[in-house]
Amino acid sequence: MINNHSLLFLKKFIFNPKDVGSVIPSSSFLANNMVAAAMWEQAETIVEIGSGTGAITQVIANRVKSESKVILFEKDEEMGQRLQLDFPQFIRESNALELVSKLKKHNIQEVDYIFSGLPFYNFSPVMRNQLISQCKEALKPCGKFIAFQYSLQMKKMLSEHFEIESISLVPLNIPPAFVYVCKKLKN
């Protein structure tokens with residue numbers, strides 16, 4: 001197994017660029033920007049989808065209360081095993097398309113925050129819709145979906161399912177990324 005997270009990430013990108021989305025893991029600037037949108041003292045349940053090698057996960061681990069539940073979703077088995085080694089205190093699942101059923105398996109009905117590192121625009125429209133629907137269903141009424149993307153192409157779709165509270169550019173990431181902070185729409 002590769003010890004260096006960046007090399008592992010690059011390897012995964014080379015073999016599956018549509019699922020990985022970038023040649024290197026997220027920067028600490030991006031990770032810190034994303035987690036700053038959460039109210040950690042009140043967060044009981046947190047999900048991260050597309051956890052990769054744990055760049056955002058590490059910042060979550062530094063902020064989350066010890067009694068909070070954190071569930072990491074990473075489809076790639078090698079990266080998922082790395083996450084289990086690096087973050088044994090968190091639950092690891094594989095497929096975010098099964099988000100709601102996997103949460104129920106762990107007796108979790110709704111979550112406070114969902115952080116996403118998934119490259120949504122690389123996926124088929126059907127898969128995008130399924131992922132967004134799973135996220136929307138899993139969130140508490142005042143829950144937030146916080147995602148980064150490398151373009152603004154997902155803005156329209158996200159605004160159909162969530163109230164976009166803010167979009168910020170993080171130029172100190174390779175490539176530069178937009179962070180979307182979205183609130184669940186009231187039905």
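It should be noted that the structure appears before, not after, this text.
Just so we're clear, the structure is a prediction, and the values are computed from it rather than from any experiment. (Residues numbered from 1 in each chain as written. Predicted model: local features only at pLDDT ≥ 70, side-chain atom pairs only at ≥ 80, totals over all residues. Heavy atoms only, no water.)

### Some points on the pattern of salt bridges
Short version of the rule: What counts as a salt bridge is simple: a side-chain nitrogen of Lys or Arg found within 4 Å of a carboxyl oxygen of Asp or Glu. Only DSSP runs of H or I reaching four residues or more are called helices, and only runs of E reaching two or more are called strands; each is numbered from the N terminus. To sort residues, take the accessible area from a 1.4 Å probe on protein chains only and compare it with the maximum for the residue type: under 20% means buried, over 50% means exposed, and anything in between is partly exposed.
In this structure the tally under the stated criterion is nine salt bridges. E44 serves as the salt-bridge partner of K140, at 3.6 Å between the closest nitrogen and oxygen. One end of the pair, K140, is in strand β5 (residues 139–149); the other, E44, is in the loop between α3 (28–35) and β1 (45–49), with 96 residues separating them in the sequence. Classification of E44 as partly exposed rests on a relative accessible area of 48%. Here D112 makes a salt bridge to K140, at a shortest N to O gap of 3.0 Å. Residue D112 is located in strand β4 (residues 111–116), and its partner K140 is located in strand β5; the two are separated by 28 residues in the primary sequence. The pair D112 / K140 is uniform in exposure class, with both members buried. Where salt bridges share partners, they join E93, E98, K102 and K105 into one cluster.

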